[in-house]
Amino acid sequence: MKDIKLQMQKSIEDTLYYDKENAIDSILKIVFESILRCERKEFLAESDEPNKANGYYTRLARGINKYFELDIPRDRLSLFKPVLLECVKARDEQMQELAFKLYTKGLTTRDINSIFSEVYDKNLSPSAISAITKEFEQERIAWQNKALESEYYFIYIDALFMPIRRGTVEKEAFYIVFALRTDLTREVLGVYNTPQESASGWREVIRDLKQRGLQKCLMVVADGLIGLSQVVKEELPNAKFQRCIVHKIRNLLVKVRSSDKRAFSDDFKKVFEVATQDYTKDKAKARLELFIDKWKDKYSWIKNRFDENDFDYYFAYLNFPWQIHRMIYTTNWIERLNKSIRRTTKIRNSFPNSDSALNLICAHLIEKENTNYRKYPVTAFSVVKDKLEDKIEKL
């Protein structure tokens, strides 16, 4: 002990003489390492095992003005656990959490390493950051398989496409399911990866939701993917199906002259009137016929764009109170969610595999749930909650 004390005193004196600018942090390093060496010396002296010192390994520790590498003594049998190490481990865990947070915000491994190098005087390799994100994988899998409520008011589904490397890089579909709960908060029900979006892919998704607890919902809101309405009808027979009106007008405007787009769009909006108390399906059907009759001479294809068998899928929102029409006749909610995911992932040229993409997507969605969706109810639905409750009880 006396030798260590003398060594520490000599090191501190040299530091004060040669490196006054960084003296405080250098002295902290000397003191910490001296304490650790004392701990090891006492541990070995009291040990009943044939054990001895076995060099050092490093950990990053925080000083007053900067971080520094701390030499941690070790023993040959790996039995020595210094008390001070627990403080260092806590700091390591905080840094790993920060690295993962930065990764989920869209920063590249190079960006994260640059920040750590500047702030902590420590480099993090891409493999180190990958290892940190890998630790999240078990949490992500558990979240993807969480038990669901038996009832939801409205379910919104959509797919986004991410570049994934499987030998070559191609964009693959990630199915996202978003819902309004009966307590009027929102929840991400699932995230799934299948290379191509298809009605059969969505069938597998809905079956998984049912296996995890889903029994009832009032309506599913989706785009116009071929076969999807039939899948919903078969898998959730009591649920209405609403085709997104925004998707519909976008698809129609692609085939309309630029000079006609404004008038065409205005006429279309009159057909799909929202937030009007006395707008009924009969009125909607009459306006749709007028819309088709007005434009069919200029664009003959329009007659085939509104199949009579699909009429209810375009106007399913009219089965619900007028106060909430704007929130249930399009997929805007889930498209905004997907847009926030794209902002996070856009700086990545590609993902090495689907798991790495799922880690990033799910981490982003878990944060959104914790900070917003599951925290605050959508108060705009409060005025019609009783009516919605009556409808779901009758299913």
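Further up the page is the structure itself.
Residues numbered from 1 in each chain as written. Predicted model: local features only at pLDDT ≥ 70, side-chain atom pairs only at ≥ 80, totals over all residues. Heavy atoms only, no water.

**Q** Just give me the short version of unusual backbone geometry, but keep the residues and values in it.
**A** Notably, L184 is not glycine yet its phi reads approximately 70 degrees, a positive angle. Backbone geometry at A275 places phi at a positive 60 degrees, although glycine is not the residue there. In this fold, A275 is placed in the loop between α10 (258-271) and α11 (281-295). Residue A275 is classed as partly exposed on the basis of its relative accessible area, which comes to 32%. (Helix = DSSP H or I, 4+ residues; strand = E, 2+ residues; numbered from the N terminus. Buried < 20%, exposed > 50% of the residue type's maximum accessible area, 1.4 Å probe, protein only.)

**Q** Run through the packing of aromatic side chains, naming residues and quoting values.
**A** A full pass over the atoms with the stated rule returns 21 aromatic pairs. Between F315 and Y317, the ring centres sit 6.4 Å apart and the planes meet at 35 degrees, which makes this aromatic pair tilted. You can call F315 buried: its relative accessible area is 0%. The residue whose ring lies beneath K248 is F306, and the NZ or CZ to ring-centre distance is 4.9 Å. Over the aromatic face of F311 sits the side chain of K285, whose NZ or CZ is 5.9 Å from the ring centroid. (Phe/Tyr/Trp six-rings, centres within 6.5 Å; stacked < 30°, edge-to-face > 60°. Lys NZ or Arg CZ within 6 Å of the ring centre and 35° of its normal.)

**Q** How would you summarise the sheet that holds strand β3 (residues 151-166) if you had to cite specific residues and measurements?
**A** Reading across from one edge, β5-β4-β3-β6-β7 is the order of the five strands in this open sheet, with mixed pairing throughout. Taken across any chain shown, the strands that pair with only one partner, and hence form the sheet edges, are β5 (186-194) and β7 (240-243). Averaged over neighbouring strand pairs, the angle between their axes works out to 25 degrees when direction is ignored. Bridge analysis of strand β6 (residues 216-222) against β7 gives four bridges, and the strand direction is parallel. When the bridges of β7 are listed, V220 appears paired with F241. Across the face of the sheet, helix α16 (residues 385-393) comes into contact with β3 and β6 while running at roughly 85 degrees to β3. (Pairing = 2+ DSSP bridges. Axes fitted to C-alpha atoms, helices over the stretch in contact; angles between N-to-C directions. Contact = heavy atoms within 4.5 Å.)

**Q** Outline the pairing of β5, listing residues and values.
**A** Among the nine residues of β5, seven are classified as buried, and the element is accordingly described as predominantly covered. Hairpin connection between strand β4 (residues 168-181) and β5: a loop of four residues separates the two successive antiparallel strands, and L184 in this loop has a positive phi of roughly 70 degrees.

**Q** Describe α11, naming the residues involved and giving the relevant values.
**A** Here α11 is 15 residues long and its end C-alpha atoms lie 21 Å apart, about the 21 Å a rise of 1.5 Å per residue gives. All of the buried residues in α11 are A284, L288, F291, I292 and W295. Viewed end-on, α11 has its buried residues packed into an arc of 95 degrees, placing them on one side of the element. The exposed residues of α11 that point more than 90 degrees off its buried face are D282, L290 and K294. Of the surrounding elements, those touching the buried residues of α11 are α10 and α12 (311-314). (Expected span 1.5 Å × (residues − 1). Arc of directions from axis to C-beta.)

**Q** Outline the nonpolar core, supporting the account with residue identities and numerical values.
**A** Among the nonpolar cores identified, the biggest contains 68 residues, and F154, F264, F291, F306, F315 and F381 are the most heavily contacted of them. In terms of residues, this core owes the most to one element, helix α15 (residues 354-373), which gives nine residues. For F315, the contacting residues outside a window of four places in its chain are Q242, V271, F272, K281, A284 and L288. Of all hydrophobic cores here, the second largest spans 27 residues; its members include L148, I155, Y175 and Y192. (Core = buried A, V, L, I, M, F, W, Y, C linked by side-chain atoms within 4.5 Å.)

**Q** If you had to explain the pattern of salt bridges to someone new, which residues and values would you point to?
**A** The tally for this structure, following the rule as stated, stands at 24 salt bridges. In this structure, the salt-bridge partner of R181 is D183, at a minimum N-O distance of 3.4 Å. A salt bridge links D310 to R243, with the shortest nitrogen-to-oxygen separation between them at 3.0 Å. Of this pair, D310 sits in the loop between α11 and α12 while R243 sits in strand β7, placing them 67 residues apart in sequence. The residues D310 and R243 share a single accessibility class, namely buried. Shared partners join several salt bridges into a network, and the residues in it are K146, E149, R181, D183, E187, E369 and R374. (Salt bridge = Lys/Arg side-chain N within 4 Å of Asp/Glu carboxyl O.)

**Q** Break down helix α8 (residues 228-235) for me, with residues and values.
**A** Regarding α8, the residues found buried are L228, S229, V231, V232 and E235. Taken end-on, α8 shows its buried residues confined to a sector of 160 degrees, consistent with a single buried face. As for α8, its buried residues are in contact with β3, α7 (199-211), β6, β7 and α12.

**Q** Before we move on, could you go through the environment of P237 and cite the residues and values that matter?
**A** For P237, the location among the structural elements is in the loop between α8 and β7. Residue P237 is classed as exposed on the basis of its relative accessible area of 59%. Between the alpha carbons of P237 and K216 there is a distance of 9.3 Å; along the sequence they are 21 residues apart.

**Q** Just give me the short version of the pairing of β6, but keep the residues and values in it.
**A** Across a regular strand the side chains alternate sides, sitting on one face of the sheet and then on the other. Counting buried positions over the seven residues of β6 gives six, a clear majority of the element. When β3 meets β6, the two strands line up parallel, connected through five bridges. Within the sheet, the bridge partner assigned to Y152 lies in β6 and is C217. As for the winding sense of the linkage, the β-α-β connection from β6 through α8 to β7 is right-handed. (Right-handed = clockwise from strand over helix to strand, strands pointing away.)

**Q** Explain the environment of H364 residue by residue, including any values.
**A** With respect to the helices, strands and loops of the structure, H364 is situated in helix α15. The spatial distance from the C-alpha of H364 to the C-alpha of I341 is 7.0 Å, given a sequence separation of 23 residues. Apart from residues lying up to four places away in sequence, H364 is in contact with S340, I341 and T344.

**Q** Give a detailed account of the packing of helix α6 (residues 137-144) against α15, specifying residues and quantitative values.
**A** Their axes nearest at 10 Å, the elements α6 and α15 cross at an angle of 65 degrees. In terms of orientation, α6 and α15 fall into the roughly perpendicular class. Regarding α6 and α15, the two cross each other, and that crossing is left-handed. Together, E137, E139, R140, W143 and Q144 of α6 and D355, L358, N359, C362, L365, I366 and E369 of α15 make up the contact between the two elements. For the contact of α6 with α15, the residue count by class is five nonpolar, two polar and five charged. (Parallel < 35°, antiparallel > 145°, perpendicular 65-115°, else oblique. Left-handed = near helix turned anticlockwise from the far one by under 90°. Nonpolar A, V, L, I, M, F, W, Y, C, P; charged D, E, K, R; others polar.)

These figures come from the coordinates and say nothing about function on their own.
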